[in-house]
Protein chains: 2
Amino acid sequence: MSRLSLSDTDKQARDWFASTTESLGCTVTVDSMGNQFAIRPGLKDGAPTVAGSHLDTQPTGGRYDGILGVTAGIEMLRTLHENDIITTFPVGVVNWTNEEGARFPISMVSSGVWAGEIALNHAHDLKEVGSGTATMKSELQRIGYLGEVPCSHEAIPLAAHFELHIEQGPILEAEARKIGIVQGVQAYKWFTVSVRGADCHTGTTSFSHRADALLAASKMIIYSHRAAARKGALASTGILTLKPGSTNTVPGTVDFSLDIRSPENDIVAQVEQDCRTAFASIAAGHNIDDLNKDFIPSSKSCTVDWKQDTYSPATKFAPECISCVEEAAVSIFGDKTDALTKPMTSGAGHDSVYTSKRVPTTMIFVPSRDGVSHNPVEFTKPEDCALGAQVLMQSVLRYDRRRAEGKV
Amino acid sequence: MSRLSLSDTDKQARDWFASTTESLGCTVTVDSMGNQFAIRPGLKDGAPTVAGSHLDTQPTGGRYDGILGVTAGIEMLRTLHENDIITTFPVGVVNWTNEEGARFPISMVSSGVWAGEIALNHAHDLKEVGSGTATMKSELQRIGYLGEVPCSHEAIPLAAHFELHIEQGPILEAEARKIGIVQGVQAYKWFTVSVRGADCHTGTTSFSHRADALLAASKMIIYSHRAAARKGALASTGILTLKPGSTNTVPGTVDFSLDIRSPENDIVAQVEQDCRTAFASIAAGHNIDDLNKDFIPSSKSCTVDWKQDTYSPATKFAPECISCVEEAAVSIFGDKTDALTKPMTSGAGHDSVYTSKRVPTTMIFVPSRDGVSHNPVEFTKPEDCALGAQVLMQSVLRYDRRRAEGKV
């Protein structure tokens, strides 16, 4: 499905969110980034404990990524409403704007503004990708979702943030587990690595006279994989371009992306440093890690340069939130909890990364079929969605009770 | 420089070729592949003895590759014209279309059609590489070079074909020689290798759940280099494309070119077979040649498919043409001929490979600085170009005289 942020279909989803949550006894506040906060009163005043996620999707996205976290939050509100349950403090559901970064090219931009990590004007001025000229602000105005309340954690305080989300990876399914108890979000750094050699003719240039940028890049890609594997980290190349691009010309120019991830900032830094050292040696023609096995030495060498594109340090979620999820899981799974749940680190970024900078936060994962996401075939079984929604509601209610007991 | 075949700049060069040779007393025929035959009459009718090469270049090519052979041929025409020399039979110059195969991905395609080795329709239907939709035929029509004369050795017979070309390798320069007397051309095969894995999120997919097509392709590229080095052959990858092409998505689709060369057909076949076996194992995830050192085994694997794009067996040139070149060299170098010339095998394919299938053919090499070609820094000294042009003209005139004497 396709529901790009602040499109006409996103407006329809937002209208539905507002009318549905209002019918369940909530007051809906819209802030200056279009974030929607549906809050249900408690016995006492105070910042609400919320379930939050997003309703926007990738251009060819799935029906679960983000959407499950919001709809499960609404299901929580319905359960409270239909059973006349009054929490001690307010609870609610948040729909964060443009989490995907697919239409306006900063992901999690509106939780980032709320957390004070991204400037409002910068976010408002973001232009839509492609050939259009709309900005976030112009589209917020156009669809009637430019709220008057400032988008900030001070103007709209929250007590805690719980986010139910599909795993977007294969681990829970592969291990036949139902709930991922998320401990944090891994750190990642993105680089563009540029290798420069010399174009030459494939037929007339012996191996001993080549500076083959693609051969060097191939060794670097394999090395980065080994370096990450040795540290329990991830390293991946998703983009590779070369020039000039002809079957009978050895490429003198290769640029490739390098994405390094680990739950620990230090590990990302170590893998980066390992690769920086090794890539320089590989470019110079040295036999790093026996990758040059059976190679003929060349009198020519390549150079390599790195450009850092993004750095997102590791996020550690709040122990007091994680323990609520753990208790919720035990209440549902009993003595099968260890078999059916797993402490996990999120590989991808989410709005919870930003909320965790201001309020206690954690996430709950449910299985993704084949680990597929950002794709229309994305799928999570209805019974797994239901389990996730149960854990979400219980976690929110447990957190509210702990606040009532003065424990958090 | 960049003069891709059938581009606007190629049209300019073609227009210049036609007007220049016409001003030197030639009649220019354009065939259905856009090949230009500039023919100067002789005393008698008959098939012309020609100097032939090409005016198109690689995307970032040099100013000598192909171009020297055509411009030296025009210089021969100018010398004959200005000195009122009448040959016994016609002589001429040929500009072959798309020799490089850089824009339309079969090299020497138009001499191949002329020789009856490539079907006209297949050549006409070749699509330009990259994202464009133009075909050879549509571009021939667009620039006005779709000739009405059939492209064939029967419709446009030649008596012999001499091609002056830069060496594109380092040997003549390294040995301080001036003329390479080319005996033949090494064998080569071109393939497109397609690796298919599965797109997945770089942050959420562990190494043990990936089918990373780029990682597999990197191993294949390194393996092909090793396999060729072990046999004294060459293997090179000049094109690599991947999908979907996003920093945080592991590519599920990679296609790359593989160019295998050796003076011996058997060696090319052996390297190909070695790579076919190894690539299949690499795709399946096996640890071929210890390339998987420190890898984490994956439960998923890739597939690999090969498409053969070109096969050019080893070519042996005509002794009666080679002896004309030898005699031309002696007439210029005298008793220094042995020191300043060298019998050589061409590492690259040339239009002469195809002409040699139908008419006596040979080639003349001149030195390339640093052996560099397919690069803007490609350079041959003016005096070396002049020596090559002298040998070319003398070879053509000697061949014409031998025909007049009934010796060939």
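Since the model is a prediction, treat every value here as computed from it, not as a measurement.

(A) Spatial organisation of the overall build of chain A. The secondary structure content of chain A amounts to twelve helices and 16 strands. For chain A, the spread of C-alpha atoms along the principal axes amounts to about 80 × 55 × 35 Å. Looking at chain A residue by residue over its 408 residues, the buried ones come to 60%. In the structure as shown, chain A presents an accessible area of about 14,900 Å², 50% of it carried by carbon and sulfur atoms. Both charge centroids of chain A, one from 38 positive and one from 48 negative side chains, sit 3 Å from each other.

(B) Structural detail: the packing of aromatic side chains. All names here are of chain A. Per the counting criterion, the structure on display carries 16 aromatic pairs over all chains. With 5.9 Å between their ring centres and 70° between their planes, F162 and Y399 make a pair best called edge-to-face. Residue F162 is found in strand β5 (residues 160-166), and its partner Y399 is found in helix α12 (residues 382-404); the two are separated by 237 residues along the sequence. For the pair formed by F162 and Y399, the shared burial category is buried. An aromatic cluster is present here, built from F191, F256, F279 and W306 joined pairwise through their rings. Directly above the aromatic system of Y145 lies the positively charged group of R14, at a separation of 5.1 Å from the ring centroid.

(C) Representation of the nonpolar core in the model. Ranked by internal contacts, the top residues of the largest apolar core, which has 82 residues, are V195 of chain A together with V195 of chain B. If we ignore the near neighbours within four places in the chain, the residues touching V195 of chain A are A213, A216, A217, M220, G252, T253, V254, D255, F256, C302, T303 and V304 of chain A.

(D) The arrangement of the interface of chain A and chain B in detail. Of the residues lining the interface, 61 residues belong to chain A; the matching set on chain B comes to 67 residues. Around 5,400 Å² of area is buried between chain A and chain B when both sides are counted, 60% of it from carbon and sulfur atoms. It is F207, H225 and T247 of chain A that lose the most area in chain A upon contact with chain B, and together they represent 13% of the buried surface on that side. Where chain A packs against chain B, one counts four salt bridges.

(E) Main features of the environment of C324 of chain A. All names here are of chain A. Relative to the helices and strands, C324 resides in helix α9 (residues 319-333). In this structure, the C-alpha to C-alpha distance between C324 and G61, residues 263 residues apart in sequence, is 31 Å. Apart from residues no more than four positions distant in its own chain, C324 is found in contact with F162, S395, R398, Y399 and R402.

(F) Expanded view of the pattern of salt bridges. On inspection of all chains with the given rule, the structure shows 47 salt bridges over all chains. A salt bridge links R398 of chain A to E327 of chain A; the nearest nitrogen and oxygen atoms lie 3.5 Å apart. Of this pair, R398 of chain A sits in helix α12 while E327 of chain A sits in helix α9, and the two are 71 residues apart along the sequence. By relative accessible area, E327 of chain A is classed as partly exposed at 37%. Where D255 of chain B meets R196 of chain B, a salt bridge forms, and the shortest distance between an N and an O atom there is 3.1 Å. Remark: R196 of chain B occurs in strand β7 (residues 187-196) and D255 of chain B occurs in strand β12 (residues 253-262); sequence separation between them is 59 residues. Classification of D255 of chain B as partly exposed rests on a relative accessible area of 22%. Judged by its relative accessible area of 31%, R196 of chain B is partly exposed.

(G) Quick peek at the side chain of R226 of chain A. Mapped onto the fold, R226 of chain A is located in helix α7 (residues 213-230). The class for R226 of chain A is buried, based on a relative accessible area of 1%. Within the structure, R226 of chain A has its side chain in polar contact with the side chain of D289 of chain A (distance 2.8 Å). Polar side-chain contacts of R226 of chain A include one of 3.1 Å to the backbone oxygen of K293 of chain B.

(H) Spatial organisation of empty space enclosed by the protein. Applying the stated criterion to the full structure yields five cavities of 30 Å³ or more. For the largest cavity, the lining is made up of 17 residues, of which H201 and N248 of chain A together with E99, A348 and G349 of chain B are closest to its centre. The residue makeup of the lining of the largest cavity, split by class, is four nonpolar, nine polar and four charged. When residues of the lining of the largest cavity are assigned to domains, at least three fall in each of domain 1 (8-185 + 315-404) and domain 2 (187-312) of chain B. Taken as a whole, the second largest cavity encloses approximately 70 Å³ of empty space. Around the second largest cavity sit A198, D199, C200, T205, H209, R210, A211 and K300 of chain A together with P170, D370, G371 and V372 of chain B, which together line it. Across the lining of the second largest cavity, the residue classes break down as five nonpolar, three polar and four charged.

(I) Inspection of the layout of surface pockets at higher detail. All names here are of chain B. Volume-wise, the second largest pocket comes out at about 580 Å³. Contributing to the lining of the second largest pocket are 26 residues, with T192, I239, D255, K307 and D309 lying nearest its centre. Broken down by secondary-structure element, the contributors of at least two residues to the lining of the second largest pocket are β7, β10 (240-243), β12 and β13 (303-312). Looking at which element gives the most residues to the lining of the second largest pocket, the answer is β12, with five residues. Here the residues of the lining of the second largest pocket sort into eleven nonpolar, eleven polar and four charged.

(J) Representation of the state of the cysteines in the model. Tallied over the full model, the rule gives zero disulfides over all chains. This cysteine, C151 of chain B, is not joined by any disulfide, and C26 of chain B carries the nearest cysteine sulfur, 19 Å off.

(K) Focus on helix α1 (residues 8-23) of chain A. All names here are of chain A. Over its 16 residues, α1 extends 23 Å from the first C-alpha to the last, a length consistent with the 22 Å expected when each residue adds 1.5 Å. Three or more residues of α1 are buried, namely D10, A13, R14, F17, A18, T20 and T21. Buried residues in α1 make contact with β1 (27-30), β2 (36-40), α2 (67-82) and β4 (91-95). Looking one or two residues past α1, G25 carries a phi angle of roughly 90°, positive in sign.

(L) Seen up close, the domain arrangement of chain A. All names here are of chain A. Once the domains are mapped, chain A shows domain 1 (8-185 + 314-404) and domain 2 (187-312). The C-alpha-based centres of domain 1 and domain 2 are spaced at 38 Å. Each partner contributes to the interface: domain 1 provides six residues, whereas domain 2 provides six residues. Applying the counting rule to domain 1 against domain 2 returns one salt bridge. One salt bridge in this structure joins E264 and K316, with 3.2 Å as the shortest N-O distance. Seen at the junction of domain 1 and domain 2, the total is four residue pairs in polar contact (both at pLDDT 80 or more). Classifying every residue of the side of domain 1 that touches domain 2 gives three nonpolar, two polar and one charged.

(M) Inspection of helix α12 (residues 382-404) of chain B at higher detail. In a regular helix each residue adds 1.5 Å, so 23 residues correspond to 33 Å; α12 of chain B covers 33 Å between its end C-alpha atoms and thus fits that length. Two residues or fewer after α12 of chain B comes G406 of chain B, characterised by a positive phi angle close to 70°.

(N) Up close: the packing of α7 of chain A against helix α7 (residues 213-230) of chain B. In contact at an axis separation of 9 Å, α7 of chain A and α7 of chain B are set at 130° when each is read in the N-to-C sense. It follows that α7 of chain A is oblique to α7 of chain B by the angle criterion. Crossing hand, α7 of chain A versus α7 of chain B: left-handed. For the pair α7 of chain A and α7 of chain B, contact is made by L214, L215, S218, K219, I221, I222 and H225 of chain A and by L214, L215, S218, K219, I221, I222 and H225 of chain B, respectively. Looking at the contact of α7 of chain A with α7 of chain B, its residues break down into eight nonpolar, four polar and two charged.

(O) How the structure looks around the pairing of β4 of chain A. All names here are of chain A. Counting buried residues in β4 gives five out of five residues, a clear majority hidden from the surface. With burial as the criterion, each face of β4 is covered, one bearing V91, V93 and N95 and the other bearing G92 and V94. Across five bridges, β2 lies against β4 in antiparallel orientation. If you follow F37 over to β4, its bridge partner there is V94. Pairing of strand β3 (residues 49-53) with β4 involves five bridges; the strand directions are parallel. Considered in β4, the bridge of T49 is made with V91. Tracing the backbone out of β3, into α2 and back to the parallel element β4 gives a crossover that is right-handed.

What counts and what doesn't
- Residues numbered from 1 in each chain as written.
- Chains lettered and ligands numbered in written order.
- Predicted model: local features only at pLDDT ≥ 70, side-chain atom pairs only at ≥ 80, totals over all residues.
- Heavy atoms only, no water.
- Helix = DSSP H or I, 4+ residues; strand = E, 2+ residues; numbered from the N terminus.
- Buried < 20%, exposed > 50% of the residue type's maximum accessible area, 1.4 Å probe, protein only.
- Areas by Shrake-Rupley, 256 points an atom, 1.4 Å probe, with all protein chains shown as cover.
- Lys, Arg positive; Asp, Glu negative; His and termini not counted.
- Charge placed at Lys NZ, Arg CZ, Asp CG, Glu CD.
- Phe/Tyr/Trp six-rings, centres within 6.5 Å; stacked < 30°, edge-to-face > 60°.
- Lys NZ or Arg CZ within 6 Å of the ring centre and 35° of its normal.
- Core = buried A, V, L, I, M, F, W, Y, C linked by side-chain atoms within 4.5 Å.
- Contact = heavy atoms within 4.5 Å.
- Buried area = accessible area lost by both parts, 1.4 Å probe.
- Salt bridge = Lys/Arg side-chain N within 4 Å of Asp/Glu carboxyl O.
- Polar contact = N/O pair within 3.5 Å; in protein donor to acceptor, adjacent residues only side chain to side chain.
- 1 Å grid on protein atoms, 1.4 Å probe; cavity = no way out; pocket = protein on both sides within 12 Å on 5 of 7 lines; lining within 4 Å.
- Points joined across faces, edges and corners; volume = space filled by probe spheres on them.
- Nonpolar A, V, L, I, M, F, W, Y, C, P; charged D, E, K, R; others polar.
- Domains from an automatic or database assignment.
- Disulfide = S-S within 2.5 Å.
- Expected span 1.5 Å × (residues − 1).
- Axes fitted to C-alpha atoms, helices over the stretch in contact; angles between N-to-C directions.
- Parallel < 35°, antiparallel > 145°, perpendicular 65-115°, else oblique.
- Left-handed = near helix turned anticlockwise from the far one by under 90°.
- Pairing = 2+ DSSP bridges.
- Right-handed = clockwise from strand over helix to strand, strands pointing away.

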